[in-house]
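Observations on the three-dimensional arrangement
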Amino acid sequence: MEMITNVNEYEAIAKQVLPKMVYDYYASGAEDQWTLKENRNAFSRILFRPRILVDVSKIDLTTTVLGFKISMPIMIAPTAMQKMAHPEGEYATARAASAAGTIMGLSSWATSSVEEVASTGPGIRIFQLYVLRDRNVVTQLVRRAENAGFKAIALTVDTPMLGRREADIKNRFTLPPHLTLKNFEGLDLGKLDKTNDSGLASYVAGQVDRSLNWKDVKWLQTITSLPILVKGVLTAEDTKIAVQAGAAGIIVSNHGARQLDYVPATIMALEEVVKAAQGKIPVFLDGGVRRGTDVLKHWLSEHPVYLPVVFSLAADGEAGVRKVLEILRDEFELTMALCGCRSLKEITRDHVVTEWDRPRIAPRL
C-alpha cells in the first residue's frame, strides 16, 4: 500500500479484493454510463493558466463550511453500505475524516447508524437524507442525526426512482445477509432482499417518496433547526428555486452518474449553478474528483468538493481513507503552488481556461 501514488490506484485494488456484486455496485453508473465517463473526462477539458514568480513558501488550504473550519476544501462523500467494502465501514471513514480535519457525509443507507458514527469521537458530519413515504420515520431520522451532533442535512432530490444500473440488475444486487441498513433497524420498512433484478431498486421503489417536491424543503425546516443542503441540483432554474425555498446550500451532483444518464458532468454544470446562486448560498461539487488538479478547477464555486473514499476503504480500511485524503491534499497544495496561489481566495476564474472561453485569451499574432 505504501507504493500507491494516486487516488485511481485504489480502485484497481478494490476490484481485486471485493466480490463482483459489491465492486460493480460502487463502480457502475446508469444505463450507457456516458455521464459516468464524462464526470472524469470533463475535467480534462479545463486547462490551467498558471502565474509565475509568486512567493509560495507558505500555502493556506483551510476554509469554512457552514461556519465550521476545515483543513482543506475536500470533504468525504456519503456512500451507502460501506461495510460491504470493509468490516469497519463508516466507523473507519468517520475516524479518518476527523483525523484529517474535514467533513464526512453519512448516507441514510449506511451500514452504521448516526449514533454509531457519532460514537467514534468528535467530528463535523452531514447526514444525507432520502425522504421516505413514512414521514414519521423521516422526522425520527432527522432528529436522531441532530441529537447525534450532525451539523447539516443533505436532502437528496434526484432519486424519486432509482436509476437503471444494469450491473446491479445483472448481479441481482442485494445487501449481504450479515449486514443491515442500521439507520432503519427496528423500523418496519421491509428488507433489502434478493429479487429478479436489483434488490436496491425494488427497495427504493417501495420506500422512497416519489411525491417529494419543493414544499417538502419548507416542511423539513419545520422539523429541524439544522441547515438543509439540496443535493442533486444541475440547473440555474432549480438553483434559484432552492435559494427562494431557504436552502442553506446546494450540492451540484448527478448522483455519481447513477441516476439519469446523459446529464452533464458536475464540473460542466457548476458555472451555471454558481452564477444563478449569486453568492447567496454556498455551492459544493460532488462527482468525478480524483486529483488535486480537479479541486482547483472546481474552485470557481469557492466551496469544497466531495471525494468518494469507498475504494480506499476497501483496499486498506481506515489507513486507506487517511492516505487517500493525504494524497489529494498534497496534490492540491502542489497545484496551488504551481499556479501561484497562496490561499484559496487567490484562486480566480482567470487561473483556468475552457474550450468555450479560449477566444477571450487568444494571443494576437
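Our structure's up above, just so we're on the same page.
The notes below deal with the structure included here. In this text, all values refer to a predicted model and were calculated from it rather than measured experimentally.

Regarding the nonpolar core
- Tyr 26, Met 84, Phe 127 and Leu 129 are the most contacted members of the largest nonpolar core, which totals 102 residues.
- Sort the elements by how many residues they give to this core and helix H13 (residues 310-339) lands first, with 13 residues.
- Each residue touching Leu 129, except ones within four places of it in the same chain, is listed here: Ser 108, Val 138, Leu 141, Val 142, Ile 153, Ala 154, Leu 155, Thr 156 and Leu 220.
- If you look at the next biggest cluster of nonpolar residues, it comprises 13 residues, including Ile 124, Ala 152, Ile 251 and Tyr 306.

Quick look at helix H10 (residues 236-244)
- For H10, the full list of buried residues reads Ala 236, Thr 239 and Ala 242. End-on view of H10: buried residues confined to an arc of 115°, all on one side of the axis. Structural note: H10 exposes Glu 237 and Gln 244 on the side pointing more than 90 degrees away from its buried face.
- Of the surrounding secondary structure, the elements contacted by the buried residues of H10 are helix H9 (214-223), strand E8 (228-233), strand E9 (249-253) and helix H11 (266-277).
- One or two positions beyond H10, positive phi appears at Gly 246, with a value near 85°.

Describing the packing of aromatic side chains
- Inspection of every chain in the model, using the stated rule, returns six aromatic pairs.
- Consider the rings of Phe 127 and Phe 150, whose centres lie 6.2 Å apart with planes at 85°: the pair is edge-to-face. With a gap of 23 residues between them, Phe 127 in strand E6 (residues 124-129) and Phe 150 in the loop between helix H6 (135-147) and strand E7 (152-156) connect regions that are remote in the sequence. Like Phe 127, the residue Phe 150 is buried in the burial classification.
- Ring-pair connections join several aromatic residues into one group, and the members of that group are Tyr 25, Tyr 26 and Phe 173.

A look at unusual backbone geometry
- Here Leu 53, not a glycine, exhibits a phi torsion of approximately 55°, which is positive.
- Along the chain, the position of Leu 53 falls in the loop between strand E1 (46-48) and strand E2 (63-65).
- Unusually for a residue other than glycine, His 255 sits at a positive phi of about 60°.
- Position of His 255 relative to the elements: it lies in the loop between E9 and H11.

Section: the side chain of Thr 139
- With respect to the secondary-structure elements, Thr 139 resides in helix H6.
- The buried category is assigned to Thr 139, whose relative accessible area is 14%.

Description of the environment of Ile 250
- Residue position: Ile 250 is located in strand E9.
- For Ile 250, a relative accessible area of 0% puts it in the buried group.
- For the pair Ile 250 and Pro 264, spaced 14 residues apart in sequence, the C-alpha to C-alpha distance is 17 Å.
- Every residue in contact with Ile 250, bar those within four places of it in the chain, is listed here: Val 230, Val 233, Thr 239, Ala 242, Val 273, Ile 281, Pro 282, Val 283 and Phe 284.

Observations regarding H9
- Listing the buried residues of H9 in full gives Asp 216, Val 217, Leu 220 and Ile 223. Down the axis of H9, the buried side of the element spans an arc of 120°, and every buried residue falls inside it. Those residues of H9 that are exposed and angled more than 90 degrees off the buried face are Lys 215 and Thr 222.
- For H9, the elements touching its buried residues are E6, H6, E7 and E8.

Brief notes about the pairing of E9
- For E9, a buried count of five out of five residues is recorded, marking the element as mostly surrounded by other parts of the structure.
- With burial as the criterion, each face of E9 is covered, one bearing Gly 249, Ile 251 and Ser 253 and the other bearing Ile 250 and Val 252.
- Across four bridges, E8 lies against E9 in parallel orientation. Bridge pairing in E9 places Lys 231 opposite Ile 251.

Thoughts on the environment of Lys 20
- Residue placement: Lys 20 occurs in helix H2 (residues 20-27).
- Taking C-alpha positions, Lys 20 is 26 Å from Arg 291, a pair spaced 271 residues apart along the chain.
- For Lys 20, the side chain forms a polar contact with the side chain of Asp 24, separated by 2.6 Å.

Procedures and definitions
- Residues numbered from 1 in each chain as written.
- Predicted model: local features only at pLDDT ≥ 70, side-chain atom pairs only at ≥ 80, totals over all residues.
- Heavy atoms only, no water.
- Core = buried A, V, L, I, M, F, W, Y, C linked by side-chain atoms within 4.5 Å.
- Buried < 20%, exposed > 50% of the residue type's maximum accessible area, 1.4 Å probe, protein only.
- Helix = DSSP H or I, 4+ residues; strand = E, 2+ residues; numbered from the N terminus.
- Contact = heavy atoms within 4.5 Å.
- Arc of directions from axis to C-beta.
- Phe/Tyr/Trp six-rings, centres within 6.5 Å; stacked < 30°, edge-to-face > 60°.
- Pairing = 2+ DSSP bridges.
- Polar contact = N/O pair within 3.5 Å; in protein donor to acceptor, adjacent residues only side chain to side chain.

Honestly, that's just the spatial picture; any functional story needs more than this.
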